[in-house]
Number of protein chains: 2
Amino acid sequence: MGAGLHIAEVANLVGDPARANILAALLDQRALTASELAYAAGVSAQTTSSHLGKLAQAHLLEVEKQGRHRYYRLASPLVAQMLESVMAVSAHGPRRGRPVARCDEGLRTARTCYDHLAGRLGVGLADALTQRGIIALDHDGGEVTATGLTFFSELGVDLTAPAKSRRVFCRPCLDWTERRYHLAGHVGACLLRLCLDRGWITRQRDSRAVTITPAGAAQMRAILGVALAEAETTAVPASL
Amino acid sequence: MGAGLHIAEVANLVGDPARANILAALLDQRALTASELAYAAGVSAQTTSSHLGKLAQAHLLEVEKQGRHRYYRLASPLVAQMLESVMAVSAHGPRRGRPVARCDEGLRTARTCYDHLAGRLGVGLADALTQRGIIALDHDGGEVTATGLTFFSELGVDLTAPAKSRRVFCRPCLDWTERRYHLAGHVGACLLRLCLDRGWITRQRDSRAVTITPAGAAQMRAILGVALAEAETTAVPASL
DNA sequence: CGAACCTTTCGACCGCGATCGAACCGTCAA
DNA sequence: TTGACGGTTCGATCGCGGTCGAAAGGTTCG
C-alpha cells in the first residue's frame, strides 16, 4: 500500500507530457539550459520553470548555476534507467497512440541512450558482438565472454572501472525504435566512448542523434562485420 | 520529442495513486480479482473498473475471465521491471513524502518482488551470496561466479532455463525499504522457488509478505550463515 | 548605470480526469 | 425463476494542476 504512493509520486512527475519531453531531452548525458528545455518541451519558459522546479525538488534532476544560465541534468543513472524501462514498456505494447510515431530518421539510425548507443547502430553492434561470441544478452542480464575480454583488450579498451573490484557488467536495454535489445551498462558506456574517441561517430547539435563517419563505418565493418544497411554515411543533418 | 509522449502516456497511467496501488498489489506474481484490487487501491469498485480498463487497454495488465470473476495480472515482466525502477528512484531521493513511510513490518522483513525475494531477507541473502563469492552484484549488472555455479548445483538447483542456450543471469534490484540491492533476474527467481519448494518460507494471504519458517531460518543459517537479526520466526500475521 | 537576457514568481484561467451514485449486464446458487 | 453477487457503464460533480500573461530577481555586457 505504501509502495504504491511512492511509485505514483514519481510516476506522476514523469507522466506529464512536458516533463516527459524534458526528461527525454536529457537522456543523452548532456546538461541543458532552462530555455533549451522549454523548447524541447514545447511549452513556455514559465511553465518549464515550474516543471523544472518540481523535478529538481523530487531529485530527478540536478541543477548547476553557471552565470545567468542554469544547466539541468538527470540526477543519477537510476533516473535514466527508469526512463529506459518506461520506454521499453511503451514500445512493447502494440501501437501506442500514433501508428508508428514517425520520428526523426536520424534518431532511428543512430543515437545515444544516456551513456550508450541505441538505434539501428546500437542493435546492430549488439547483434554483431553477440554473434561473434563477444557478449551475451538476455532480457534480464548480460555478460562479456572470455573471448570477449580478449577482444576488447586487443582493441585497446580498458573495461575495468574506477570503482574497486568491479566486475565487467553488461545490461540489456530494449531499444525504443527497433524494439530489440542493445548493449547498455558499463560495457555499453565503454563502447560509446570508444566510438567517440576514435572518431567513428560524432554527436549532433541539439539532438541525441549521432552521425557515423565514413572512417567509423569502415572500421565497424572491418572489425565486426557490421553491415549498416542503408543511409549509414548519409549524414542526415537531423532536422529535429 | 516523440519519445517523451510515449513515456508520458505510460507514466501517466502509473502516476495515479489508485492505479499505482493496483500495480503494486500485483507486484507479486499472483493474479487478483477486480474487487481485491479495489480494496488494495482504496477506491470504489466503479473507479477501479475504470482504472483496470485503462491499464488493460495500454497492455500494462492482462485479464483472464474465470466464471464471474476477472483476474488481473501484470502483462509482462517488463512492467514489473519498470515498477521496480520507479521504486528505486523513489527510494533514492531522500524522504519522499512521508518521513520514512511506516509501512507494514512484515513487508519490511521479507516479501516477494514479482518473482524474487526482497526486504531484509532479500538483501541478507544477496549479501551472504556475495560475501561467499557465489554471486557478484553491481548497480548495472550481476553474475554467478564459477564457484557459485557449483554451489547451486550442489544445492540441487538447476539454473538453466527452458529457453535455449540461455545464460545464467543475475540482475540487481534496488530494495525499496532497505535501499540496498537484492538479487533479481533468473537466478533470483530460482532462489525464490527454491525457498518456497523446500518450505523455507511461505506466502501470506493478501500480502506480498512471506513468513520464514523455523526450518527455513535454520537452513539459511546453516548453508549461508545468514543471521536474520530480529523477528525472523516471529510470524507477524501481516495486518495489512 | 542602464539595457538585454535568462530565469523565476505570482495570479488567474480553464480543462481534464478521478471520483462516486445509480443503473445495467453476467454468472452462480437455490 | 429468483435472488445475491461480481463487474462494468453511464452521468454528473468537482478539485487539482498545467497553462500562459505580467512582472520581478539576477547576471552579463556596453
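For the structure itself, consult the block above.
Residues numbered from 1 in each chain as written. Chains lettered and ligands numbered in written order. Predicted model: local features only at pLDDT ≥ 70, side-chain atom pairs only at ≥ 80, totals over all residues.

Draft legend 1. Geometry of the overall build of chain A. Along chain A, the regular secondary structure elements total 10 helices and 11 strands. In chain A, which comprises 240 residues, the share counted as buried stands at 50%. Restricting to contacts in chain A with at least 6 residues of sequence separation, those with at least 24 account for 52%. (Helix = DSSP H or I, 4+ residues; strand = E, 2+ residues; numbered from the N terminus. Buried ≥ 20, exposed ≤ 12 C-beta atoms within 10 Å, placed from the backbone. Contact = placed C-beta atoms within 7 Å.)

Draft legend 2. Spotlight on the nonpolar core. Ile7(A), Val86(A), Leu183(A), Ile7(B), Val86(B) and Leu183(B) are the most contacted members of the largest nonpolar core, which has 148 residues in total. The contact partners of Leu183(B), leaving out residues within four places of it in the chain, are His116(B), Leu125(B), Ala126(B), Leu129(B), Ile135(B), Leu137(B), Cys170(B), Gly188(B) and Leu191(B). (Core = buried A, V, L, I, M, F, W, Y, C linked by C-beta atoms within 7 Å.)

Draft legend 3. Examining the relation of the copies chain B and chain A more closely. Of the transformation superimposing chain B on chain A, the axial component is 0.0 Å and the angular component is 180°, with the fit at an RMSD of 0.0 Å. Considering both components of the superposition, the chain copies are consistent with a two-fold axis. Interface overlap between copies: 100% of the residues of chain B at the interface are likewise at the interface in chain A, consistent with a symmetric, same-surface contact. (Least-squares fit on C-alpha atoms with pLDDT ≥ 70 in both.)

Draft legend 4. The protein's contact with DNA strand D, seen in detail. The immediate surroundings of DNA strand D are formed by 21 residues, with Ser44(A), Thr33(B), Ser35(B), Gln46(B) and Ser49(B) found nearest. Contributing elements (two or more residues each) for the surface near DNA strand D: helix H4 (45-57) of chain A together with helix H3 (34-41), helix H4 (45-57) and strand E3 (69-74) of chain B. Sorting elements by how many residues they give to the surface near DNA strand D places H4(B) first, with 6 residues. In the surface near DNA strand D, the residues fall into 5 nonpolar, 12 polar and 4 charged. (Near = placed C-beta within 6 Å. Nonpolar A, V, L, I, M, F, W, Y, C, P; charged D, E, K, R; others polar.)

Draft legend 5. Focus on the pairing of strand E9 (residues 181-184) of chain A. Residues Tyr181(A) and Leu183(A) line one face of E9(A) and the alternating positions His182(A) and Ala184(A) line the opposite face, and both faces are buried. Turn length for the strand E8 (residues 171-174) of chain A-E9(A) hairpin, with the two strands adjacent in sequence and antiparallel, is 6 residues, and the turn residue Arg179(A) shows positive phi of about 60°. (Pairing = 2+ DSSP bridges.)

Draft legend 6. Summary view of the sheet that holds strand E1 (residues 32-33) of chain A. All names here are of chain A. Strand order in this open sheet of 3 strands is E1-E3-E2, and the pairing throughout is antiparallel. Strand pairing shows two members of the sheet lacking a second neighbour, E1 and strand E2 (61-66), which therefore form its edges. Sheet topology places E2 next to strand E3 (residues 69-74); 6 bridges connect them, and they run antiparallel. Across the sheet, Gln66 pairs through a bridge with His69, a residue of E3.

Draft legend 7. Representation of helix H9 (residues 185-197) of chain A in the model. Residues and elements named next belong to chain A. For H9, spanning 13 residues, the distance from its first C-alpha to its last is 18 Å, which sits close to the expected 18 Å at 1.5 Å a residue. Listed in full, the buried residues belonging to H9 are Gly185, His186, Val187, Gly188, Ala189, Cys190, Leu191, Leu192 and Cys195. One or two positions beyond H9, positive phi appears at Gly199, with a value near 75°. (Expected span 1.5 Å × (residues − 1).)

Draft legend 8. Here's a closer look at the sheet that holds strand E2 (residues 61-66) of chain B. Residues and elements named next belong to chain B. The strand order across the open sheet formed by 3 strands is E1-E3-E2, and the pairing between neighbours is antiparallel. With partners counted over all chains shown, the strands left at the sheet margins are strand E1 (32-33) and E2, one partner each. Two elements, E1 and E3, share 2 bridges in a ladder whose sense is antiparallel. The residue bridging Leu32 from the neighbouring strand is Tyr72, located in E3.

Draft legend 9. Geometry of the environment of His51(B). Residue and element names in this part refer to chain B. One can find His51 in helix H4. Taking C-alpha positions, His51 is 40 Å from Ala217, a pair spaced 166 residues apart along the chain. Ignoring any residue separated from it by four or fewer positions in sequence, one finds His51 in contact with Ala18, Arg19 and Ile22.

Draft legend 10. Just the interface of chain B and chain A, in detail. Contacts between the two partners involve 54 residues from chain B and, on the opposite side, 54 residues from chain A. Of the residues in the side of chain B that touches chain A, the class split is 27 nonpolar, 18 polar and 9 charged.

Draft legend 11. Quick look at the protein's contact with DNA strand C. Surveying the vicinity of DNA strand C reveals 22 residues, the closest of which are Thr33(A), Ser35(A), Gln46(A), Ser49(A) and Gly67(B). When residues of the surface near DNA strand C are traced back to their parent elements, those giving at least two are helix H3 (34-41), H4 and E3 of chain A together with helix H2 (17-25) and H4 of chain B. If one sorts the elements of the surface near DNA strand C by residue count, H4(A) sits on top with 6 residues. Residues belonging to the surface near DNA strand C are distributed by class as follows: 6 nonpolar, 12 polar and 4 charged.

Draft legend 12. A look at the packing of H3(B) against H4(B). All names here are of chain B. Between H3 and H4, the shortest axis-to-axis distance is 9 Å and the interhelical angle comes to 105°. When the axis of H3 is compared with that of H4, the two are roughly perpendicular. When H3 is examined against H4, the residues Ala34, Ser35, Leu37, Ala38 and Ala41 are found in contact with a partner set consisting of Ala45, Thr48, Ser49 and Leu52. Across the contact of H3 with H4, the residue classes break down as 6 nonpolar, 3 polar and no charged. (Axes fitted to C-alpha atoms, helices over the stretch in contact; angles between N-to-C directions. Parallel < 35°, antiparallel > 145°, perpendicular 65-115°, else oblique.)

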